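Chain residues, written in single-letter form:
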Amino acid sequence: MAKGPWATRPADRDPSKLPTIAVIGGTGRMGVHLCATWANAGYDVTMCSRKKEKAQGIVDQLKSGEGYIEWKLHAGDNAAASKADMIVLGTMYEQAWSIMEDSSVASNIKGKGKVILDMTNPFMSRPDGYGAGLPKDGPQAGILIHKEKLNDPSTQWVGAYKHILWTLILPEGPKNPGRPDVEVFGEPKAVDMVVELIYRHGWRPIVRGGLDVAPKYEGGKVSFRKIGTNLKNEIFSGEKLSVGW
Ligand SMILES: NC(=O)c1ccc[n+]([C@@H]2O[C@H](COP(=O)([O-])OP(=O)(O)OC[C@H]3O[C@@H](n4cnc5c(N)ncnc54)[C@H](OP(=O)(O)O)[C@@H]3O)[C@@H](O)[C@H]2O)c1
């Protein structure tokens, strides 16, 4: 492994020993691309939806390609997510917590030592009105708000993939192989799981710190300072963050 800011690559291991993954909002742009990518990397993945039939249609289509029949990719409703080792919040920030509550995922995972990968971007504004930001008088990161709402010390939280445009995520690796770096932050066990995941699908993880750094690294907040820091890290540390291209 080259010297640099990247996390240590874990030893390769038998795919049957890998954690299982379920993606809430798995039928969305990020969800479909990541479900395919993670299944291609050997993970057992469940694409979850408010309507299982919607996810089933996409899974059937994905698995109909030659070579993809072996993927351990399944469809489920959002409630099915509680069975996975790692639950991914792949829907809009404004919908994620109500889905966790309404589908009983929040109540069913308490005390079970799960990992939650939060990809939501409360500050990435969208034409449909989502991503409008957070109230100024609370934590300035969606992941911190979600953690507070779940209030379960056994669950570990990690943020990642927040700055990566969905079109750049392909099963065989980054669409732009010259920009494979992914920022990760969060709690230790969860970060380790995601570091392994990122390496297994051909990208490079850079761990920025614990959950305390979340307000700095949650996607969508663009500033001259951030652009300057990214440029500096690229010039002096060789970082190649995927930032929209
Ligand atoms: N797009 C990107 O490039 C990108 C990059 C990094 C991070 N993110 C973040 O990742 C998350 C997902 O983004 P996305 O672009 O993949 O979203 P998207 O394509 O709009 O998909 C969101 C999914 O959420 C589900 N959903 C749940 N409640 C919904 C509601 N009330 N209305 C509509 N859909 C609802 C839908 O699945 P069902 O209908 O199957 O339930 C839908 O497929 C967001 O938090 C975003 O900020 C996005």
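Heads up: the structure comes first, above all this text.
Residues numbered from 1 in each chain as written. Predicted model: local features only at pLDDT ≥ 70, side-chain atom pairs only at ≥ 80, totals over all residues.

Undergrad: Help me understand the overall build of the chain, please; the structure alone is not making it clear to me.
TA: Each helix and strand counted, the chain has eight helices and ten strands in total. Expected size for 245 residues packed as a compact globule is a radius of gyration near 18 Å; at 17 Å, the chain falls within 12% of this value. By its C-alpha atoms, the chain is 45 × 45 × 35 Å across when sized along the principal axes. Looking at the chain residue by residue over its 245 residues, the buried ones come to 45%. Counting only contacts in the chain whose residues sit at least 6 apart along the sequence, the fraction spanning at least 24 positions is 72%. (Helix = DSSP H or I, 4+ residues; strand = E, 2+ residues; numbered from the N terminus. Rg over C-alpha atoms; globule rule 2.2 N^0.38 Å. Buried ≥ 20, exposed ≤ 12 C-beta atoms within 10 Å, placed from the backbone. Contact = placed C-beta atoms within 7 Å.)

Undergrad: Honestly, the environment of Ala-75 in this entry has me stumped. Any pointers?
TA: Turning to its location among the elements, Ala-75 is positioned in strand E3 (residues 73-77). Taking the C-alpha atoms as reference, Ala-75 lies 40 Å from Lys-3; in sequence the two are 72 residues apart. Once residues within four sequence positions are removed from consideration, Ala-75 is found in contact with Met-47, Lys-52, Ala-55, Gln-56 and Val-59.

Undergrad: Teacher, can you tell me more about the nonpolar core here?
TA: Across soluble globular proteins, nonpolar side chains have a tendency to be buried as a group. One finds Cys-35, Val-88, Val-184 and Val-194 to be the most contacted residues of the largest nonpolar core, which totals 69 residues. Element by element, the count of residues in this core is highest for helix H6 (residues 188-200), at eight residues. Excluding anything up to four places from it in sequence, Val-88 contacts Ile-21, Ala-22, Val-23, Ile-24, Leu-117 and Met-119. (Core = buried A, V, L, I, M, F, W, Y, C linked by C-beta atoms within 7 Å.)

Undergrad: Help me understand the site of the ligand, please; the structure alone is not making it clear to me.
TA: Close contacts around the ligand come from 25 residues, with Gly-25, Gly-28, Ser-49, Arg-50 and Asn-121 the closest. Mapped by element, the contributors of at least two residues to the shell around the ligand are helix H1 (29-40) and helix H3 (93-102). Ranked by the residues each element gives to the shell around the ligand, the list is headed by H1, at three residues. Its residues assigned to classes, the shell around the ligand shows nine nonpolar, twelve polar and four charged. (Near = placed C-beta within 6 Å. Nonpolar A, V, L, I, M, F, W, Y, C, P; charged D, E, K, R; others polar.)

Undergrad: What exactly am I supposed to notice about the environment of Arg-200 here?
TA: The topology assignment puts Arg-200 in helix H6. Not counting the four nearest positions on each side in its chain, Arg-200 is found in contact with Ala-41 and Gly-42.

Undergrad: Is there a simple way to explain unusual backbone geometry in this structure?
TA: Trans peptide bonds make up the majority, and among non-glycine residues the majority have a negative phi. Of note in this structure, Ser-104 is not a glycine but carries a positive phi near 65°. For Ser-104, a count of 12 C-beta atoms within 10 Å puts it in the exposed group. Even without glycine at this site, Asn-151 takes up a positive phi of about 50°. Secondary-structure assignment places Asn-151 in the loop between helix H5 (142-150) and strand E6 (156-160).

Undergrad: Honestly, H1 in this entry has me stumped. Any pointers?
TA: In an α-helix there are 3.6 residues to a turn, and that puts residues three or four apart on one side. Look at H1: 17 Å from first C-alpha to last across twelve residues, which is about the 16 Å you get at 1.5 Å a residue. The element H1 is extensively covered by neighbouring structure, given that eleven of its twelve residues are classed as buried. Taken together, the buried residues of H1 touch strand E1 (21-24), strand E2 (45-49), helix H2 (52-63), E3, strand E7 (169-170) and H6. Backbone geometry just downstream of H1 places Gly-42 in the positive-phi region, at approximately 105°. (Expected span 1.5 Å × (residues − 1).)

Coordinates in, geometry out; function isn't part of it.
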